[in-house]
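The residues making up each chain are set out below.
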Amino acid sequence: MKRICLIAPGLLPVPATQGGAIETLMTSIVNQNELYKKLDLTVVTTFDDESKGLAESMRSTKFVLIPPTTASGRLKHDVKNAFIRRLFPPQRLSPSAFYNVALRNIRHESFDGVMFEGGPSSGITSFDNVFSGKMWYHLHYTPASDKPFFSSASRVFAVSDFAGKAWRMNCTSQQEVITVRNGIDISRFSHHIDAVERGRIRSSLGFADDDFVVIFCGRIMREKGVLELLQAISEINDRNVKLMIVGSADFGPSNSTPYVKAVVEKVSHIGSRVAYTGYVPNNQLYRYLKSADIEVVPSVCEDAAPLVPVEAMAAGLPLIVTRSGGIEEYTSPECAVIVERDGRIVESLSQAIVSLRGDRDRCNRMSRAGLIRAQRYSIRSMYEQFVAACE
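Notes on the structure follow. (Residues numbered from 1 in each chain as written. Predicted model: local features only at pLDDT ≥ 70, side-chain atom pairs only at ≥ 80, totals over all residues. Heavy atoms only, no water.)

## Digging into the pattern of salt bridges
Quick reminder of the rule: Take a side-chain nitrogen of Lys or Arg and a carboxyl oxygen of Asp or Glu: if they are within 4 Å of each other, that pair is a salt bridge. Labels follow the DSSP assignment, with helices taken as runs of H or I lasting at least four residues and strands as runs of E lasting at least two, numbered in each case from the N terminus. Between buried and exposed lies partly exposed: a residue is buried under 20% and exposed over 50% of the maximum accessible area for its type, with that area taken using a 1.4 Å probe on protein chains only.
Counted according to the given criterion, the structure contains 21 salt bridges. Note that K38 is salt-bridged to E384, the shortest N-O span being 2.9 Å. One end of the pair, K38, is in the loop between α1 (21-36) and β2 (39-46); the other, E384, is in helix α16 (residues 379-390), and 346 residues separate them in sequence. Since its relative accessible area comes to 23%, E384 is described here as partly exposed. Several salt bridges converge on common partners, so that one network encompasses R3, D40, K62 and E109.

## A word on a nonpolar patch on the surface
Heads up, the condition is: To count toward a patch, a residue needs a relative accessible area over 30% and no salt bridge; like charges are then connected within 9 Å, while nonpolar side chains (Val, Leu, Ile, Met, Phe, Trp, Tyr) are connected within 5 Å. Here the Shrake-Rupley method, with its probe set to 1.4 Å, supplies the accessible areas, and only the displayed protein chains count as covering residues.
A grouping of F83, L87 and F88 is seen on the molecular surface, where their side chains present a nonpolar patch of about 340 Å² in accessible area. Mapped onto the secondary structure, F83 falls in helix α3 (residues 71-87).

## Let's talk about empty space enclosed by the protein
Sizing a probe to match a water molecule and rolling it over the atoms shows the empty space that remains. The test is simple: Throughout, the protein atoms alone are placed on a 1 Å grid, and a set of points is a cavity if a 1.4 Å probe fits but cannot get out or a pocket if it is open with protein on both sides within 12 Å along at least five of seven lines; lining residues have an atom within 4 Å of a point. Grid points are joined across faces, edges and corners, and a volume is the space filled by probe spheres set on the points. Here the term charged refers only to Asp, Glu, Lys and Arg, the term nonpolar to Ala, Val, Leu, Ile, Met, Phe, Trp, Tyr, Cys and Pro, and the term polar to all other amino acids, Gly among them.
The full count for this structure, using the stated rule, is 1 cavity of 30 Å³ or more. Counted as a void, the largest cavity has a volume near 40 Å³. Considering the residues around the largest cavity, the lining is formed by F116, P120, S121, S122, G123, D128, M135, W136, Y137, S151, S152 and A153. With 3 residues, strand β5 (residues 135-139) is the single largest residue contributor to the lining of the largest cavity. For the lining of the largest cavity, the residue count by class is 6 nonpolar, 5 polar and 1 charged.

## Side note on the layout of surface pockets
Estimated volume of the second largest pocket: approximately 270 Å³. Forming the walls of the second largest pocket are 20 residues, and the residues nearest its centre are G10, L11, T69, S96 and F98. For the lining of the second largest pocket, the secondary structure elements donating two or more residues are α3 and α4 (97-106). Considering every element that reaches the lining of the second largest pocket, the biggest residue donor is α3, with 3 residues.

## Section: the sheet that holds strand β6 (residues 155-158)
Spelled out, the test is: When DSSP finds two or more bridges between a pair of strands, those strands are recorded as paired. Where helices are involved, their axes are fitted lines through C-alpha atoms of the stretch in contact, as for all axes, and angles between N-to-C directions lie from 0 to 180°.
As summarised here, the arrangement of the 7 strands in space is β3-β2-β1-β4-β5-β6-β7, forming an open sheet in which the pairing is parallel. This sheet does not close on itself; its edge strands, each paired only once, are β3 (61-66) and β7 (176-179). Each adjacent strand pair in this sheet contributes to an overall mean axis angle of 20 degrees, direction not counted.

## Thoughts on unusual backbone geometry
The residue after V14, namely P15, is reached through a cis peptide bond having omega 0 degrees. Its place among the elements puts P15 in the loop between β1 (2-7) and α1. Of note in the backbone geometry, K37 takes a positive phi value of approximately 55 degrees without being a glycine. Counting through the fold element by element, K37 comes out in the loop between α1 and β2. Classification of K37 by relative accessible area gives partly exposed; the value is 45%.

## Digging into the packing of aromatic side chains
One pair of aromatic rings is described through two measures. These are the centre distance and the angle between the planes. The condition that has to hold: Only Phe, Tyr and Trp rings take part, Trp by its six-membered ring, and two of them pair if their centres are within 6.5 Å. Stacked means planes under 30 degrees apart, edge-to-face means over 60, and tilted covers everything else. For a ring to carry a charge above it, either NZ of a lysine or CZ of an arginine must fall within 6 Å of the ring centroid while also lying within 35 degrees of the normal to the ring plane.
The final tally for this structure, using the stated rule, is 10 aromatic pairs. Lying across the ring of Y36, R380 places its NZ or CZ 3.9 Å from the centre.

## Digging into helix α6 (residues 161-170)
Selection rule: Working definition: the arc comes from the directions between the helix axis and the C-beta atoms, pointing outward to the latter. It only takes one pair of heavy atoms within 4.5 Å for two residues to be counted as in contact.
The complete set of buried residues in α6 reads A163, G164, A166, W167 and N170. One face of α6 carries all of its buried residues, which in axial projection span an arc of 160 degrees. Residues of α6 that are exposed and point over 90 degrees away from its buried face: K165 and M169. In the core, the buried residues of α6 are packed alongside β5, β6 and β7.

## Remarks on the nonpolar core
Soluble globular proteins: nonpolar side chains tend toward being buried together. Stated formally: Nine residue types can take part in a nonpolar core, namely buried Ala, Val, Leu, Ile, Met, Phe, Trp, Tyr and Cys, and a core is a set of them joined through side-chain atoms within 4.5 Å.
The biggest cluster of nonpolar side chains holds 65 residues, and the ones touching the most others in it are I7, V44, I106 and F127. Non-local contacts of F127, meaning those with residues more than four positions away in its chain, are made with I7, Y99, A102, L103, I106, F116 and M135.

## Side note on helix α9 (residues 226-234)
Taken together, the buried positions of α9 are V226, L229, L230, A232 and I233. Axial view of α9: buried residues confined to an arc of 160 degrees, hence all on one face. Close packing links the buried residues of α9 with β8 (212-217), β9 (241-246), α10 (258-270), β10 (274-278), β11 (294-297) and α14 (345-357).

## A word on the state of the cysteines
Note the cut-off: A pair of sulfur atoms, both from cysteines and within 2.5 Å, is called a disulfide here.
Within this structure, the stated rule accounts for 0 disulfides. No disulfide involves C335; its nearest neighbouring cysteine sulfur is the one of C363, lying 12 Å away. Relative accessible area serves as the criterion here: at 0%, C335 is assigned to the buried category. On the accessibility criterion, C363 (3% relative accessible area) is buried.

See the structure below:
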């Protein structure tokens, strides 16, 4: 049994009581390991009262719980880093005090692999010195194609082939790169709601039973293409085509941002054809997904491996997605219409929505295909891949 240490980014707790994409994926791995016990697992994370209680109930995972960094702790870290940077410029320093405390807590332990879950992809010199040749990195994003970088990681777990290829092309050091695809709790999105509940949810948003409801679910940020989708909806002449926007700027309830304000202004301009729910807890998302007719994922960046399309497939929704990063690896032409991320993206989204609006048989076929494909991306499948990659 491999002894593995996972180091969270340190901003949100694991178990994921406050949300967070990386933290949620880590929690899934922990929960699966509680069931199947294939790894000797240690998790280093910040905590809150709820996550601490959950961590203490785990029997097959050791948790190293680090209190949230105080303002004085952040100041002390920044001053210390400035001093070290002046004396030893080549040092790769920790980006936050969390990592310094993490190392103090585990430096005398023996692990087969110590993995940064997100965080500093270049590595941290102090960790490399203690765990020489055993530092790994879990790649949750797509590296920029125009920015070569160095990483001290000896092994990289990439969430898609696309992200892994981008790493190999741009990383100036050489590592073993293994694809470990993300997974979701499929049962959470396959719950049934009856016609009465569907109608009630639609009515609460100002939608009628005979409307064709498009849903966007995700972070409200420029890279996700929300404004492009809003413009596409506004250019469709069919007044029964409606849009439901579910999400916030972050992975939980969050403050407004300039982009969120622009989205809200656009929603107000379009009027009753759009409903913006704001943040919805993950365990309630299925109710909104099941109340829609199709989902659109209009990413305008190279999305490494968004889970939104998988959640939509698990809920039985036909998809429209952009040709973006690893999205095509998780979906298929049988369940997703793919549009290009070019100067015609708004027109392409409009045309794709209208085409599905007028073809109920095709939507039904896509729904069935998506339900089947979603089974590939269960949390059990992710865990098995993760364990194999650790081997």
